[in-house]
Amino acid sequence: MNKNVILTGMMGVGKSTIGRMVAKKLKYSFIDIDKLIEAKEGCSINLIFKNKGENYFRRMENNITLQELKRNNSVISLGGGAFLNKSIRRNVKKFSVSFWLDVSVVLLIKRLERTKNRPLLYKKNLKDVVKKIYLERKKTYNEAEFKIICNYLKSSEIVNKVLKLYEKTRNKV
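Residues numbered from 1 in each chain as written. Predicted model: local features only at pLDDT ≥ 70, side-chain atom pairs only at ≥ 80, totals over all residues. Heavy atoms only, no water.

Each helix and strand in the chain was counted, giving seven helices and five strands. Scanning the chain from its N terminus toward the C terminus, one meets helices and strands in the order β-α-β-α-α-β-α-β-α-α-β-α. Relative to the globule expectation of 16 Å for 173 residues, the C-alpha radius of gyration of the chain, 15 Å, shows essentially globular dimensions. Expressed as lengths along the three principal axes of its C-alpha atoms, the size of the chain is roughly 50 × 35 × 25 Å. Out of the 173 residues belonging to the chain, those deemed buried represent 45%. For the chain, the proportion of contacts with a sequence separation of at least 24, taken over those separated by at least 6, is 74%. Looking at the chain as shown, the accessible area adds up to about 9,900 Å², and 50% of this sits on carbon and sulfur atoms. In the chain, which carries 39 positive and 15 negative side-chain charges, the distance between the mean positions of the two groups comes to 2 Å. (Helix = DSSP H or I, 4+ residues; strand = E, 2+ residues; numbered from the N terminus. Rg over C-alpha atoms; globule rule 2.2 N^0.38 Å. Buried < 20%, exposed > 50% of the residue type's maximum accessible area, 1.4 Å probe, protein only. Contact = heavy atoms within 4.5 Å. Areas by Shrake-Rupley, 256 points an atom, 1.4 Å probe, with all protein chains shown as cover. Lys, Arg positive; Asp, Glu negative; His and termini not counted. Charge placed at Lys NZ, Arg CZ, Asp CG, Glu CD.)

Ordered by their spatial adjacency, five strands build an open sheet running β2-β3-β1-β4-β5, and the pairing between neighbours is parallel. Of all the strands in the sheet, just β2 (29–32) and β5 (146–149) have a single pairing partner and so form its edges. When the angles between neighbouring strand axes are averaged without regard to direction, this sheet yields 20°. By the bridge criterion, four bridges tie strand β4 (residues 96–102) to β5 in an arrangement that is parallel. (Pairing = 2+ DSSP bridges. Axes fitted to C-alpha atoms, helices over the stretch in contact; angles between N-to-C directions.)

Side chains of strand β3 (residues 74–77) alternate between two faces, with Ser 74 and Ile 76 and Val 75 and Ser 77 buried alike. Sheet topology places strand β1 (residues 4–8) next to β3; three bridges connect them, and they run parallel. By the bridge assignment for β3, Ile 6 is matched with Ile 76. By the bridge criterion, four bridges tie β2 to β3 in an arrangement that is parallel. Within the sheet, the bridge partner assigned to Asp 32 lies in β3 and is Ser 77.

Glancing now at the side chain of Glu 68. Within the fold, Glu 68 resides in helix α3 (residues 45–68). Of the residues examined, Glu 68 reaches a relative accessible area of 11% and is grouped as buried. Ignoring anything within four residues of it in the chain, the contact list for Glu 68 reads Asn 4, Ile 31, Ile 33, Leu 36 and Ile 76.

As enumerated under the stated definition, the model contains four aromatic pairs in all. The interplanar angle of 90° and the centroid separation of 6.2 Å between the aromatic rings of Tyr 28 and Tyr 166 together place this pair among those described as edge-to-face. On the criterion of sequence distance, the pair formed by Tyr 28 in the loop between α1 (15–26) and β2 and Tyr 166 in helix α7 (residues 155–170) is long-range, its members being 138 residues apart. For Tyr 28, a relative accessible area of 11% puts it in the buried group. Their ring planes at 40° and their centres at 5.7 Å tell us that Trp 100 and Tyr 141 sit as a pair that is tilted. Here Trp 100, found in strand β4, pairs with Tyr 141, found in helix α6 (residues 126–141); they are 41 residues apart in sequence, far enough to count as distant. Comparing Trp 100 with Tyr 141, the two get one shared label, buried. (Phe/Tyr/Trp six-rings, centres within 6.5 Å; stacked < 30°, edge-to-face > 60°.)

Turning our eyes to something else, we now look at unusual backbone geometry. The phi angle at Lys 27 is positive, at roughly 60°, despite the residue not being glycine. Of note, Lys 27 is situated in the loop between α1 and β2. Phi at Asn 73 is positive, roughly 50°, even though this residue is not glycine. Inspection of the secondary structure puts Asn 73 in the loop between α3 and β3. You can call Asn 73 partly exposed: its relative accessible area is 30%.

This is the structure in structure tokens:
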């Protein structure tokens, strides 16, 4: 039984893109928690936040994530705020190998400027909000087993780093 690969980090860092690529290389299944939530609710996360609120979303995220963490041989892309949840974090640390995909705030802002589907950024000063969220989450993201600074790396380079570090954990006695 191989431990799952967990990707955490801010919205816009590329968790889903990298996750799909890593899963393909490992021949694991890929799970995008946000996509599962949207499928279960039949609408976007934006609409869930708008119609049912962030607390409802976080409860759903908790339940679905804890369920998915029980799987084996999976690459799981967490939502940007999921790793802040103590229960999720504890289970990730216990049963998985976690990677914080980190990107500078300046680059994040550049990536997120064109997005319309990020509820925490809706109708707000993007630069201030991204900086604030990043600073609030940075310490917790740092609890991931590995940190990969992705600033100017190509997707393939990030994937190779994840795979190399993951292999090291599998080869530990």
